Amino acid sequence: MAHQTGSGVALAISLDAPAAHNEAAINSISFDEVGEVTNIGEFGKEWALVTHKPLASRGTKKGKGSYDNGNLNPSLALDPNDAGQTAMETALNRDEPAYFRITLQDGTTYFLEGLVMKFRPNVGGVDDVVTAPTTIEITDKEILRQSA
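Parameters and conventions
Residues numbered from 1 in each chain as written. Predicted model: local features only at pLDDT ≥ 70, side-chain atom pairs only at ≥ 80, totals over all residues. Heavy atoms only, no water. 1 Å grid on protein atoms, 1.4 Å probe; cavity = no way out; pocket = protein on both sides within 12 Å on 5 of 7 lines; lining within 4 Å. Points joined across faces, edges and corners; volume = space filled by probe spheres on them. Nonpolar A, V, L, I, M, F, W, Y, C, P; charged D, E, K, R; others polar. Helix = DSSP H or I, 4+ residues; strand = E, 2+ residues; numbered from the N terminus. Salt bridge = Lys/Arg side-chain N within 4 Å of Asp/Glu carboxyl O. Buried < 20%, exposed > 50% of the residue type's maximum accessible area, 1.4 Å probe, protein only. Contact = heavy atoms within 4.5 Å.

Visitor: How should I be thinking about the layout of surface pockets in this particular structure?
Guide: Here the idea is plain: a probe the size of a water molecule rolls over the atoms and shows the empty space left. Considered as a void within the structure, the largest pocket measures approximately 150 Å³ in volume. When its residues are assigned to classes, the lining of the largest pocket shows seven nonpolar, five polar and no charged.

This is the structure we're talking about:
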């Protein structure tokens, strides 16, 4: 497959901590799919730029500093009866991270650990769907990719 769309992509959450941060351990825990997701967003490692400007050479030397795995801002229609959304709300009210699974159209799966920082019902106008904007801050643990 040369490319794929977002059609059929799923986001799932687990409040259980795996025994280790590896594919086998994470595959052994149960996940609840988060319902009514309309957009997941980008995620992955981004490095901070470190610069040094020696006076004598006048050039800027560049290197990699720390990295940040970013955050997810899934968009979803609010469904108080959805197990995945209920787990998101539970994770919002605790300090421990949750585990997330993103499954692409071709079956490729990403596993990541994150903190649910926001889950807010949002009521718009008469012709709007009630949504729940969310923010998941991805921790410094490696984002694991499992091929289909």
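Once you've had a look at it, read on.
Visitor: Can you walk me through unusual backbone geometry in this structure?
Guide: Most of the time, phi is negative for any residue but glycine, and the peptide bond is trans. One non-glycine residue, glutamate 36, lies in the positive phi region at around 65 degrees. With respect to the helices and strands, glutamate 36 occurs in the loop between β2 (32-33) and β3 (37-39). Of note, arginine 58 is a non-glycine position whose phi angle comes to about 65 degrees, a positive value. Along the chain, arginine 58 falls in the loop between β4 (46-52) and β5 (61-68).

Visitor: How do you make sense of the pattern of salt bridges when you look at a structure like this?
Guide: Between side chains of opposite charge, a pair can form when the charged atoms approach closely. Across all of its chains, the model carries one salt bridge by this definition. With a closest N to O distance of 3.2 Å, glutamate 113 and lysine 141 form a salt bridge. Within this pair, whereas glutamate 113 is found in strand β9 (residues 109-119), its partner lysine 141 is found in the loop between β10 (134-138) and β11 (144-146), the two being separated by 28 residues in sequence. Assessed through its relative accessible area of 33%, lysine 141 is described here as partly exposed.

Visitor: Help me out: how do you make sense of the environment of lysine 118 in this one?
Guide: As for its position among the elements, lysine 118 is in strand β9. Between the alpha carbons of lysine 118 and lysine 61 there is a distance of 38 Å; along the sequence they are 57 residues apart. When near neighbours in sequence (up to four residues on either side) are disregarded, lysine 118 contacts Leu92, Pro133, Thr134 and Thr135.

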